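Topology and contacts: notes
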Amino acid sequence: MSLEQRSEELKLHDTGAPAAPDTGAPAEPDTSAPAEPGTAAPSGQGARPRRWPGSMRALRFSNFSALYVGAGLFALFSLWVPDTFLRTSTFTTILSEQAITGIVAVGLVLPFAAGAFDLSFAYNVGFGSILVAWMIGDHGFPVWAAVVLAVAACTAIGAINGALVTVVGINSVIATLGVGSCLSAATNWVSGGNQIIGLSNAFQSIADDSLLGISLPVYYLLALALIAWFALEHNPWGRRVYAVGGNREAARLAGIRADRIVFTTLTLVGAAAGFAGVLVSAQIGAGDPSVGPPYLLPAFAGVFLGSTQIHRGRFNVWGTVVAVLVLAMGVKGLQLAGAPFWLPDMFNGVALIVAVGISQGEHVRQFLARLRRLRAPD
Amino acid sequence: MRDCAEAPANSPPGEALLRLAGVSKSFGSQRALDEASLELHAGEVCALIGENGSGKSTLIKILSGFHRAEDGGQAWFRGDRVPLDDHSHQWRQHMRFVHQDLGLIPNMSVLDNLALTAGYQTGVGGRIRWRAEAARARRMLARVGLEGVDLSAPVQALAPVERTLVAIARAIVDWRDESGVLILDEPTTALSRPEVARLFSAIRELAARGTAVLFVSHRLEEALEIADRVVVLRDGRVVAARPLAGLDERSLLAMMVDASDPTPGRPAPASDRRPLLEVRGLSGRRTEGLSFTLHRGEILGFAGVSGSGREEIADLIFGSSRARCGEIVMDGKPTARPAPASSLARGIALVPADRVQRSVIPGFTVRESLTLANLAPLTKAGMIDRAAERRETLEWIGRVGLAPADPDRPVAALSGGNQQKSVLARCLRTSPRVLLLDEPVQGVDVAARRRILTLIKRCAAAGTAVLVCASDAHDLADLCDRVLVMRHGRAVAELTGTELRPRAILAAALASERHTHEIVSERQARALAQTEALP
């Protein structure tokens, strides 16, 4: 899907197409101004006028549309529901509620960057959640052992995904869909379809405690995002991951063991899902067989929307984190403004389609280019 | 060109079904077709031959309407002047093409593949009338002599020649009589000898019923066997258009290759070069038991038409394609199953032929693409040193002459020649002892070609063993110390020193076995030049 379109997209890196819709702010002014001398390729191909000076270019709308949209949303809700929205608690709640989604989404960036899908991670979250609760609540395991075992089990599930994709050779969408269904079954089997309660306070403190007024999962997210960012952007391994995702055959010919890369990323997303599952159980103080699947769409939305941010055309960590938080702020604001209960889902879906549509949809892009030409003849 | 128009005596009596004159086409500064003309007659098979880049494909693509000919091109169909550039004009309905890749859908049945063009016959409620469909399919297949084939079998389950015949049947599916033009582009590449014979009998059958067939092939012996007339293209010009009678492979070759062979033969390589890589009994999908030795500092070329095995040698050695059997010996250590990563570790690097599919990584910048194969020297404490990476990228950009010299430009946005330079730089950065190049200058502009060839020579001069597989005889003659010519999976000739000329390479690659030895010798080449000089 979007993986194939990425090359296309990168060529248009500098068109400055607005990547998000509902700010009401004017899109970037015309880009058809004459190119600075020396920036145009002799061939003319791929050369685009650059108007933003180097230091400012990173802050362009096209790279940070989610932040601009976030600012727009902030202003909107500040005017609409000032007394409930403009409170510190609103934002600490958003952070702590979204930290777990963020952790899953950051994990999900890895296989996406390597060109593999994982549809099973949300079920893996549910599985990890019920597993840790089952060990602590039903069998009295020590907290640390239960946490380690649950994360290890989910990591193993990720490794199974990896083996199905690389050793057996099943398409990753299908393999992880199958594994996801099995995980859903296993979750209900372990729990009998019921909540598991009686989790110790020590366990709950993993997710409930706060530091400087911000709950611990936010710090976990920050730490994991830092590690993932370092691995993807600064370590040779990350370069190989992106190479495999960009062109698997070319990566293979450059001496990269592509199968190994895909296997590792799918295993790691399993670990992230397991950790998220543990945190969910600790946060709600119970093992609930139904907690996993709701993570599927927000995490996907975050990763895809994130790929239109910061490092456009690449699935990247900070873009994903920003996207998850901005979407959550929109949802929160709508809730506080008394929007009907179904509106947040609608908001997530529309935001994803519009944002990705503008940055990747071929026809939309042509339309925008035409608009710009109309506005600035010559 | 002109000798064709002014030589009606050579044409069979009667009016040409299709006639083209003054057809030209340039791509940039390159003249792909220069005032070409063509005459096709009903009931006749005409062979179109010429080496790579002589303008065959361009001519076919103008016929199919894919390319637009330049002003001045004229066409007549059944004696009436018709517009050459009007895609929707009636006369194009009579042009039917079967391309080398056939364009069938492999996992769909024979019947469905035929119906894709012809449409399904439906009954009440849009129900497909399968029985009527089957009857029609059989009728169509009978026209090309294909009988008893299982209509419900997926096309991929058929023998190669049966697939070709299905493709032909499909191309002419709606012809009521066989009075159109059928253009077969390299139809025999994937076929074995007996299969070729079966295809030829079908082609003859069609011609006998009034079809004008244009047969495009690399294989001269096949052109001689099937065609009544031949049109020879060289450098975009028609150098001969005449009946085949009285011609043989040698005279055809003489027409295809420029007599004034500009490339001087190279001095024979010094014999004291030490062997570096030895290939023993290598067999892949097309190659059969290939053995040779690659020496330090040598540039060894592999020539051959497509399908000869030439195109898979580099991949088999590198390990990106699996060999059926055979081993690669380097440093005295044999390997039966090489793999890309282990080959790179041993000092073997590959520049593959298909740039878009196999080299360019969409989304990567020049810097990321260039350093990909060897990041270890740039990594400190698990972190890629961006500044050092940038410095080194700029250095390589200068060394291979990449333009623009911008390390942060996406590789996908570079021109073909610059992409190729970046891939070459990626490989050279791994300091290979053996450099495998598959079509290193295909689809690159003239300046980039010169630059790349120079880089390769410099690399060999520094002691690297270079292996080049290329379809262009001129590239090989320019570059190599020694050329092995492949045919039907085997190396059939070895050319060095003064024998190493484009003409000799082509002769060995195109001619059938028995002529090779005579043709490649220098004396024969000179004799050929004289033959050609004669009117």
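Residues numbered from 1 in each chain as written. Chains lettered and ligands numbered in written order. Predicted model: local features only at pLDDT ≥ 70, side-chain atom pairs only at ≥ 80, totals over all residues.

1. What to know about the overall build of chain B
Rules: Counting from the N terminus, the helices are DSSP H or I runs at least four residues long and the strands are E runs at least two residues long. Partly exposed residues are those falling between the two cut-offs: more than 12 but fewer than 20 other C-beta atoms within 10 Å of their own, whereas 20 or more means buried and 12 or fewer means exposed, with C-beta atoms placed from the backbone. Whether two residues are in contact is decided by their C-beta atoms, placed from the backbone, lying within 7 Å.
A tally of regular secondary structure across chain B gives 19 helices and 22 strands. Put simply, chain B has 535 residues, and 49% of those count as buried. For chain B, the share of sequence-separated contacts (at least 6 apart) that also reach a separation of at least 24 residues comes to 69%.

2. Things to note about the sheet that holds strand β12 (residues 290–295) of chain B
All names here are of chain B. Quick reminder of the rule: When DSSP finds two or more bridges between a pair of strands, those strands are recorded as paired. Comment: axis = line fitted to C-alpha atoms, over the contacting stretch for helices; angle = value between 0 and 180 degrees taken between N-to-C directions.
Spatial strand order, β12-β11-β14-β15: four strands in an open sheet with antiparallel pairing. Pairing within the sheet leaves two strands with one partner each, and these edge strands are β12 and β15 (333–335). In this sheet, adjacent strand axes meet at a mean angle of 15° when their direction is disregarded.

3. Describing helix α14 (residues 416–428) of chain B
Residue and element names in this part refer to chain B. To be explicit about the condition: What a helix is expected to span follows from its residue count: subtract one and scale by 1.5 Å.
With 13 residues, α14 should cover 18 Å at 1.5 Å per step; its first-to-last C-alpha distance of 18 Å lies within 8% of that length. Among the 13 residues in α14, 12 count as buried, and that is most of the element. Among the residues of α14, Gly417, Asn418, Gln419, Gln420, Lys421, Ser422, Val423, Leu424, Ala425, Arg426, Cys427 and Leu428 are the ones counted as buried.

4. Brief notes about the packing of helix α10 (residues 216–234) of chain A against helix α15 (residues 317–336) of chain A
Any two packed helices are characterised by the angle at which their axes cross and by the distance between the axes. Residue and element names in this part refer to chain A. Using the following cut-off: Each residue receives one of three labels: charged for Asp, Glu, Lys and Arg, nonpolar for Ala, Val, Leu, Ile, Met, Phe, Trp, Tyr, Cys and Pro, and polar for the others, Gly being one of them.
Running from amino to carboxyl end, α10 crosses α15 at an angle of 145°, the nearest separation of the two axes being 9 Å. Contacts between α10 and α15 involve Ala225, Ala228, Trp229 and Leu232 from the first element and Val317, Trp318 and Val321 from the second. Across the contact of α10 with α15, the residue classes tally to seven nonpolar, no polar and no charged.

5. Overview of the interface of chain A and chain B
Tallying the contact residues gives 28 residues for chain A and 30 residues for chain B. Considering only residue class, the side of chain A that touches chain B consists of 10 nonpolar, 11 polar and seven charged.

6. Quick look at the domain arrangement of chain B
We apply this condition: Where a domain begins and ends is set by an automatic assignment or by a domain database.
For chain B, the assigned domains are domain 1 (2–247) and domain 2 (360–431). Each of domain 1 of chain B and domain 2 of chain B was reduced to a C-alpha centroid, and the two centroids are 45 Å apart.

7. Things to note about the pairing of strand β7 (residues 181–185) of chain B
All names here are of chain B. Most of β7 is tucked away: five of the five residues are buried. Burial along β7 is two-sided: Val181, Ile183 and Asp185 and Leu182 and Leu184, pointing in opposite directions, are all buried. When strand β6 (residues 95–98) meets β7, the two strands line up parallel, connected through four bridges. When the bridges of β7 are listed, arginine 96 appears paired with leucine 182. Where β7 and strand β8 (residues 212–216) come together, five bridges link them in parallel fashion. What sits directly across from valine 181, in β8, is alanine 212.

8. Observations concerning the confidence of the model for chain B
Residue and element names in this part refer to chain B. How we decide: Here pLDDT means the predictor's own confidence in every residue, given as a number from 0 to 100.
Per-residue confidence for chain B averages 81 on the pLDDT scale, and 90% of its residues sit at or above 70. With pLDDT under 50 throughout, residues 1–13 is counted as low confidence; its partners more than four residues away or in other chains account for 15 contacts. Below pLDDT 50 for its whole length, residues 514–535 participates in 31 contacts with residues either more than four positions away or in separate chains. On the interface metric, ipTM, the complex scores 0.71, and its pTM is 0.74.

9. With respect to the pairing of strand β13 (residues 299–303) of chain B
Residue and element names in this part refer to chain B. When you tally the buried positions in β13, you get five out of five residues, the bulk of the element. Here β13 shows no split at all, with Ile299, Gly301 and Ala303 on one side and Leu300 and Phe302 on the other all buried. For β13 and strand β20 (residues 465–469), the ladder comprises four bridges, and the chain directions are parallel. What sits directly across from glycine 301, in β20, is valine 468. As defined by bridge partners, β13 adjoins strand β21 (residues 482–487) across four bridges and the pair is classed as parallel. Across the sheet, phenylalanine 302 pairs through a bridge with leucine 484, a residue of β21.

10. Here's the deal with helix α13 (residues 386–400) of chain B
All names here are of chain B. Definition in use: Directions from the helix axis toward the C-beta atoms define the arc.
In this model α13 runs 21 Å from its N-terminal to its C-terminal C-alpha over 15 residues, within 8% of the 21 Å that 1.5 Å per residue would give. Turning to α13, its buried residues are Glu389, Thr393, Trp396, Ile397 and Val400. Seen from one end, α13 has its buried residues packed into an arc of 105°, which puts them on one side. Along α13, exposed side chains directed more than 90 degrees from the buried face belong to Ala387, Glu395 and Gly398. Its buried side turned inward, α13 meets α12 (366–371), β18 (383–384), α14 and α15 (446–461).

11. What about the nonpolar core?
The following threshold applies: Joining buried Ala, Val, Leu, Ile, Met, Phe, Trp, Tyr and Cys residues through C-beta atoms within 7 Å gives a set, and that set is a nonpolar core.
With 260 residues, the main nonpolar core has Val104(A), Val485(B) and Ile505(B) as its most contacted residues. Among the elements that take part in this core, helix α13 (residues 258–284) of chain A stands out by supplying 16 residues, more than any other. Residue-level mapping places this core at the junction of two domains, with at least three residues from each of domain 1 (2–247) and domain 2 (360–431) of chain B. Here Ile505(B) is in contact with Ala303(B), Ala473(B), Leu476(B), Ala477(B), Val483(B), Val485(B) and Leu495(B), once residues within four sequence places are set aside.

12. Remarks on the sheet that holds β13(B)
Residues and elements named next belong to chain B. An order of β16-β19-β20-β13-β21-β22 is seen for the six strands of this open sheet, with the pairing classed as mixed. Since the sheet does not close on itself, it has two edges, and those belong to β16 (348–351) and β22 (490–496), each with one partner. Within the sheet, the average angular offset between the axes of one strand and its neighbour, ignoring direction, is 20°. Direction of pairing for β16 relative to strand β19 (residues 434–438): parallel, over a ladder of four bridges. Along β19, the bridge assignment pairs isoleucine 348 with valine 434. Strand contacts of α15: β13, β19 and β20, with the helix running at about 145° to β20, the strand carrying the most contacts. Contacting β13, β21 and β22, helix α17 (residues 502–510) runs over the sheet at an angle of about 25° to β21.

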